[in-house]
Each structure stands twice: as C-alpha cells, then as structure tokens.
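Summary of the model geometry
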Amino acid sequence: MRVVAIGVGGAGGRIVDALYQDDTTRPASYLAGCCVLDTDGVDLAALTAVPEDARQLFGQAETNGNGTGGDREVAAAALEEDLVEMQRAVDSAVTSDAAAILLISGLGGGTGSVATPKLADELQAVYDRPVYSVSVLPAAHEDVPAENPAHALQSLDSVVDAQIVFDNDVWLNSEHDVLEVADELNQTLAERLGALFSAGEAAGVDSVGQRVVDASEIIATLDEGGLATIGYAEQTLDSQADSSSLLGRVRGLVGARDETVDEVAAIKAVETTLRRATRGRLTFDCPLDAATSGLLVVSGPPAWLHQSAISDGQTWLSEEIGSVQLRTGDSPIPNGDTLAILVLFAGIRDAPRIDELRTTNS
C-alpha cells in the first residue's frame, strides 16, 4: 500500500525520518512521498534522511524558529500564520499513486497536538483518499501539558479515518529518559508501519502471496475508525534443522514454493510467532476484544507459508479478539530466513489508557 507520510512537529519529523530509512530496506517501496512540517528549525536540520526540500519551517513570526514549548496557543497562532504554505508543502508530497495519507505526530507537543487535527480536516476536504493519523502518546512521566494529548485525541477522532496509536507509556518506565531512547522507539514504530504498508508491495512475481494483502484490505480494516494498535514478532528459521526429524524435515528453507517445509513445522512456527505478536507489546495497550476488525499478515520464505498454518493462526486470532472481521494475507520473501507476523487491531473506541488521559485533563 503506497502512502504519503507527513510529519508534524519534532516527534513526527523524526518518525518520518525513520520511515524514510525503513523504506529503503524493503524489497518494494511503500512511501509515495513525504514531508515534515515543524516550528523548530533545529529539529528540522537534525533530520538525516528526509530531503531538505521536503522540510517546511512554519510559524517563525510566533516562535522565531524555536518551537512552541508545548504551548497550544502559540501553536495555533503559528498555524494560522502559515497554513496556506503548509498545505502547499503537503500538496507537493501527495502523488497520484498514494492510497492514503498519514499524518504523524507526537500529541504531547504543542505543534503536533494543534496542527495535526487542523491539517487532517483540510486534507479531508481536498483529497478523496483516507487520511490516517499516527498518534504518539507521551509516557506518564514525560513533562508535557496534560491537556495536549487529551485535546488532540478528541479533535482527531472527528477528522481522520482512523488513528494508529503508539503509546510511549507501553515502552518506557519512569527511569527512562525519553530523549535517550527516542531513536529506538522511532525505529520500532517505523518497522511496524513499514511491515504493514509494505505487505502488498511485491518486488516481483515470486513475491506475490496466495492471499494478497492489497491496499483495499488495509483500508477496509481501518474503515472501522476509532483507534488502532499494531503487534509484531519475528523468528529466525533454522536452516540446519535435523532432516530426520518430523519437525525439522526441511528440503529448502528458501526458494520456490515447490521446495517443501513440513506442515507441522510451519504450523508450529506460525503459532509461536503469532502468540508473541499478539500477546507481546502492542503499540497501544487495550483489551483485544475492544477491536471490531483485525488484519493478520504472515511474511517469510514461500516454503514456510503453508495455507493450513495461516488458516490455523487466523482461527486462533479470531477467537482471541472475538471478531469475525479478520482479514488475512501472506507476503512471500524469497531467499529470506525469517518468519515475521504483523497483527493490526482496529475499531477500538475506548481503553483504560484513553480514560486515564481524559481523567488527567478533567
């Protein structure tokens, strides 16, 4: 699924920078375009991958290029000052082959929390494709105004087609310095977004799955609206397994589909990796039965993608989330040695973490 990634604010810009780098590692590109909009010139200059002509500094009259310091009023004034220029920067990034637009921002900051909902509203009026937000929530111990994420979540709910949420609180404890681990968190999020949107982008005929995950499958999953969370896990496949063992009888870990892997081995590999993806750390913690739709993508060497293994995994996951609206697909990676599973849970309307943010702001 080809997407345009728009970073808003410092956190959003750094995540788009990580996405730009992730895109270069994929067999086929999923980024149709990108740009970063920020009130902080230092943060813009620190980006390493996003082209300089795709970086837009705005609100200089209000901020002197030093950011908003988390102040929503300053951010609103900066946005009003340069909204037309920001729209032009986004327009230049949106290409005809893009199936959706991603607005990526940290909701703890003033720039991201204020500008993202406004931009989303403007984009919905112009483009006939889905507009999604990738909303990063601050950890409980981060020093940000409590009203920023609460207001932003509520504002975004009415202007985007869905919010993919990454909650720093899931990944950090009170001893973590956010700045010290920011790069690692950004790479984690970029890896999961990249795995999702690259699933249906085949580099060649041998990369086309039996159940193709195209743009329509991802869009249909996110069509439920509300919040979405992503789980991901992978395992390296043992190419030196004992050929005399039932579970290890492998005649080709890589190569064409007619090189077989024992069905029991494939089922076991999918089962263990899927459980780790589902019950491990999601980008956003919530009860699984809160989701009204889901997507399961299994990637790996073609010989390991037994349809019986994937079907068993789909049945297990449907029971876990209590929903029959679960779409499934496979993404062959010829010559690969890793089995990777991505799960997307969408249509989430409420969760303890959201209640906590609302309570903090009340």
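So, here's what we can say about the structure. (Residues numbered from 1 in each chain as written. Predicted model: local features only at pLDDT ≥ 70, side-chain atom pairs only at ≥ 80, totals over all residues. Heavy atoms only, no water.)

Now for the side chain of N148. Along the chain, the position of N148 falls in helix α6 (residues 147–157). A polar atom in the side chain of N148 sits 3.1 Å from the backbone oxygen of G70. The contact partners of N148, leaving out residues within four places of it in the chain, are G70, R72, L107, G108, G109, G110 and S113. (Helix = DSSP H or I, 4+ residues; strand = E, 2+ residues; numbered from the N terminus. Polar contact = N/O pair within 3.5 Å; in protein donor to acceptor, adjacent residues only side chain to side chain. Contact = heavy atoms within 4.5 Å.)

Moving on: a negative patch on the surface. Together, E62, E80, E81 and E85 line one region of the surface with negative charge. Within the secondary structure, E80 sits in helix α4 (residues 72–93). (Patch = residues over 30% accessible without salt bridge, like charges linked within 9 Å, V, L, I, M, F, W, Y side chains within 5 Å. Areas by Shrake-Rupley, 256 points an atom, 1.4 Å probe, with all protein chains shown as cover. Salt bridge = Lys/Arg side-chain N within 4 Å of Asp/Glu carboxyl O. Lys, Arg positive; Asp, Glu negative; His and termini not counted. Charge placed at Lys NZ, Arg CZ, Asp CG, Glu CD.)

With that out of the way, let us pick up the pattern of salt bridges. Under the definition given, this model contains eight salt bridges. R26 is the salt-bridge partner of D22, the closest N and O atoms lying 3.0 Å from each other. Judged by relative accessible area, D22 falls into the buried class, the value being 12%. For R26, a relative accessible area of 21% puts it in the partly exposed group. One salt bridge connects R353 with D167, and the closest N-O pair in it is separated by 2.7 Å. Taken as a pair, R353 in helix α12 (residues 352–361) and D167 in strand β6 (residues 162–167) lie far apart in primary sequence, 186 residues in all. This pair shows no difference in class: R353 is buried, exactly as D167 is. Through salt bridges with shared partners, a single network forms among D167, R353 and E356. (Buried < 20%, exposed > 50% of the residue type's maximum accessible area, 1.4 Å probe, protein only.)

Looking now at helix α9 (residues 215–222). Spacing of three or four residues puts side chains on the same side of an α-helix, whose turn is 3.6 residues. Listed as buried for α9 are I218, I219, T221 and L222. Along the long axis of α9, the arc covered by the buried residues comes to 160°, so they all point the same way. (Arc of directions from axis to C-beta.)

So, on to the sheet that holds strand β7 (residues 227–236). Here ten strands make up an open sheet; going across it, the order is β3-β2-β1-β4-β5-β6-β7-β10-β8-β9 and the pairing mixed. Of all the strands in the sheet, just β3 (55–57) and β9 (326–332) have a single pairing partner and so form its edges. Recorded for the sheet is a direction-independent mean angle of 20° between the axes of neighbouring strands. Across six bridges, the pairing between strand β1 (residues 3–8) and strand β2 (residues 31–38) is parallel. Across the sheet, the residue bridging to V3 is L31, located in β2. Along the sheet, helix α5 (residues 110–126) makes contact with β1, β2, β4 (100–106) and β5 (131–137), crossing β4 at roughly 165°. (Pairing = 2+ DSSP bridges. Axes fitted to C-alpha atoms, helices over the stretch in contact; angles between N-to-C directions.)

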